[in-house]
Amino acid sequence: MKTPSIGTLSFGFVGATVVLLLAIGSPNSRVAPPPAAPTAPPPPSVSARGFSLASTSVDLPTDEGQYPAGPHADVINANCTSCHSASMALNQPPLSGDQWTAEVTKMREVYKAPVAAADVPAIVAYLTAMSTKQPGAAKGKAQDPDPKAAPDVSGGSG
Amino acid sequence: MKLAQATNRRRFLAEAAIGSGALIAAPALAQSMVDLHLPGGPSERPMTSAFPGKGNMILQRIHPPLLETPMSVFNGDVFTPNDQFFVRWHWADIPTAIDVEAFRIKVHGAVTRPLSISLAQLLKLPRVELAAINQCSGNSRALFQPPVAGAQWRHGAMGNAKWLGVRLRDVLDIAGVKPGAVAVRFGALDQPVVAGGPDFAKSLSIDHARDGEVMLAFGMNGEQMPLLNGFPVRLIVPGWYSTYWVKMLNDIEVLAAPDDGYWMAKAYKIPDTPGANVRPGQKDFPAVPINKMIPRSWVTSLDEGQAIAFDRSIPLGGIAMGGDCGVAKVDVSTDNGKTWYKTVLGPDHGKYSFRRWDAQVPLTHAGPTRLMSRCWNTAGIAQPMTPIWNPGGFMRGNIETTNIVVG
C-alpha cells in the first residue's frame, strides 16, 4: 500500500475512544467468533482503514552446528548447543579462563542451563583453549569480571 | 553441517546430541563468507538468505536468529528495506505461525478496564506513522577494546523504518491507568526454552509510556512487518535502544511498583557515568537501565578496506542519527581527523530517522587513508573521538573510521 506521509494522521480521539470502549470491552466479553472460513484459503487476514494483516507461517532454519573437535568437545556439545547455536560461543573474542567461568556461571545461574557442576571445568577448559588459539588471545587482563558478580553487574545481552 | 528445514522449534534439550565435532566452517546455508574487520575475535561470518522474509544478511547466529545488515545497505535509501532489516532474538522459542484472527494483546494490571485487543480492533484506532531508527544496545560491540562478551556485531545491528501503528497512550487511556501506576511492562510471545529461564520483558516509566510517541506498530515501511522483526505488533520507542522495542508484543501490564524482572533489573544496564564510560575492568560503578540513544554517523559510500584510485577530490556519503533528537550537522575528514569538511544533509524525515549526508572532499596523498564522519545532534552533542568502554559493550558512539587504500 501507499504509505501515508510521515507524521500524525489525526482523528477525533474522544469520539473514537467511546466507540472503542464499546468495541473492545473486557477480556471476558469477546465478540462472537467470525463465521466459518470458506474452503479455499488465502491466508486469513484482518483489515481496516486501508491496512491489512495476513496470517503468517514460516520455517526457521535449524542449526546442526557443533563445537569443533578438541579435548572436552563432547562435554561442551552435550551442554552448550540446546538453547542457542554454538556460534554464540565460537564468535566470542578471546576470553580468559575467569571470563569463561563467568559466562558458564551465568548460563547456569541466570539462564538456568541444565549443566552439571562436574562438567563446568571441562567446558571452561575447552573454551579457554579455544581462546588461547585466537590471534589476540586474552591474558587475564583488567577487564576480567568477577565470576560470581558478572551476571549481576552487566547482565549482558544486546 | 546441514541446514534442516524441519522446524520443530521445541526440539531442544532432548536432542543436545554429542557430535563428533565437525568443523564450524561456513554452514551449508551460507552463500559466502564476509570479513567484518573485527579487532578482537573471529572476524569472518557467513552471508545467508535462508531466513523467511529476509534477503542477504550477515549470519551471527542461526538459533535463535541474529542477523546483521550489511553496511552497503545503508548506502541505499535511508529507510532500511524490510528484507534486510536486522534480526535479534534472545530465546529460541519463537512462534513460527501467527493467526491474525486469534491474536490478542492483553492489557492488565493497574487499570480500571482490563482489555483483550484483537488486531481488527487495533487497526480501527487512531493511526500514527513515524520514521525511527531501531538500534541494538550492543550495536558495534565487536569493536570494543578490550573486547567484551556478547553478540559480536559490527555496525549493522540497526535499521530505520516508517512505523505505522497506534499510540500506546491511546490504548492505555482506553484501559484507564489507575492512580499510583509507575511503569508499564511489555511481554511477548517468545518464551524461554527452559523452565525458570527469565522470560523476555521490558518496561518503561508510566510517563514515558504515555508520552504520545511510544507506539504499537503493525506496519513497517508500508507493509506488515516480517515475522522475524516482530509480526504482528511490536513496540516502537523512538530515540531509545532496541531492547525496549518488544517484538510480537502480546502483553501490556501496568505496574504499581518498579519492574524488578531480570531484563530490567540486571541485564541491559549501563554505568551511570558520563557517556556510560568506565575504566576497563572497573566494577564499582552505579548502573542504570540503558535508555536514550546518542548521535552516530558512518561513511557508507566506501567500504572498510576498499581500494580506490587517487583523485584530488572524491565524493563521500553516509548516514547520521541524532539519537534522541535530530541531526544538526555532519563533518568529515580524510586525514585521520586533522582537517574537517562540511557535508550537505539530505531530506529530513523527522528527528528519529537516519539522515543522509554527502560531501565532495579532498584527498591529500595516496596510500592508506582514514575516513571519518562526525555528527552533532540538535541538542549540541557531538560524537567524541575516543571510544568508551563498559562491560556490556553498550552505547558505542565515538567517531568511526573507515580505512581505505588510495592507489
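This structure is a prediction, so every number in the text was calculated from the model and none was measured. (Residues numbered from 1 in each chain as written. Chains lettered and ligands numbered in written order. Predicted model: local features only at pLDDT ≥ 70, side-chain atom pairs only at ≥ 80, totals over all residues. Heavy atoms only, no water.)

Chemist: Where do I start with the sheet that holds strand E21 (residues 313–321) of chain B in this structure?
Modeler: Residue and element names in this part refer to chain B. One open sheet holds the 4 strands; their spatial order is E19-E21-E25-E24, and the pairing between them is antiparallel. In the strand order of this sheet, the two ends are held by strand E19 (296–299) and strand E24 (344–345), each with one partner. For E21 and strand E25 (residues 355–362), the ladder comprises 8 bridges, and the chain directions are antiparallel. Considered in E25, the bridge of Pro 315 is made with Gln 360. (Pairing = 2+ DSSP bridges. Helix = DSSP H or I, 4+ residues; strand = E, 2+ residues; numbered from the N terminus.)

Chemist: Got a minute to help me understand the sheet that holds strand E3 (residues 57–61) of chain B in this structure?
Modeler: Pairing between sheet strands relies on hydrogen bonds along the backbone, with the strands arranged either parallel or antiparallel. Residue and element names in this part refer to chain B. Sheet architecture is open: 5 strands sit in the order E1-E2-E3-E4-E5, paired in antiparallel fashion. The open sheet has two edge strands with one neighbour each: strand E1 (30–35) and strand E5 (87–88). By the bridge criterion, 5 bridges tie E1 to strand E2 (residues 44–48) in an arrangement that is antiparallel. Bridge pairing in E2 links Ala 30 to Thr 48.

Chemist: When you look at the pairing of strand E13 (residues 215–220) of chain B in this model, what are you seeing that I'm missing?
Modeler: Regular strands place side chains that alternate from one sheet face to the opposite one. Residue and element names in this part refer to chain B. Most of E13 sits inside the fold, with 6 of its 6 residues counted as buried. Relative to E13, strand E10 (residues 158–167) runs antiparallel, the two sharing 5 bridges. For Leu 164, the partnering residue across the bridge sits in E13 and is Gly 219. Here 2 bridges tie E13 to strand E14 (residues 223–224), and the two strands are oriented antiparallel to one another. Bridge pairing in E14 places Met 220 opposite Glu 223. Here E13 folds back onto E14 in antiparallel fashion, the turn holding 2 residues, of which Asn 221 has a positive phi close to 50°. (Buried < 20%, exposed > 50% of the residue type's maximum accessible area, 1.4 Å probe, protein only.)

Chemist: For this particular structure, what's the right way to read the packing of aromatic side chains?
Modeler: What characterises a pair of aromatic rings is the spacing of the ring centres plus the angle enclosed by the ring planes. Residues and elements named next belong to chain B. Considering all chains together, one arrives at 15 aromatic pairs over all chains under this definition. Between the aromatic rings of Trp 163 and Trp 245, the centroid separation amounts to 5.6 Å while the plane-to-plane angle is 70°, which identifies the pairing as edge-to-face. Taken together, the positions of Trp 163 in strand E10 and Trp 245 in the loop between strand E15 (234–236) and strand E16 (249–255) put the pair 82 residues apart, joining distant regions of the chain. Judged by its relative accessible area of 1%, Trp 245 is buried. Measuring from ring centre to ring centre gives 5.6 Å for Tyr 268 and Phe 394, while their planes differ by 25°; the resulting arrangement is stacked. In this pair, Tyr 268 sits in the loop between helix H4 (262–265) and strand E17 (269–271) while Phe 394 sits in the loop between strand E26 (367–377) and strand E27 (401–406), placing the two residues 126 residues apart along the sequence. The class for Phe 394 is buried, based on a relative accessible area of 0%. (Phe/Tyr/Trp six-rings, centres within 6.5 Å; stacked < 30°, edge-to-face > 60°.)

Function cannot be inferred from these measures alone, as they are strictly geometric.
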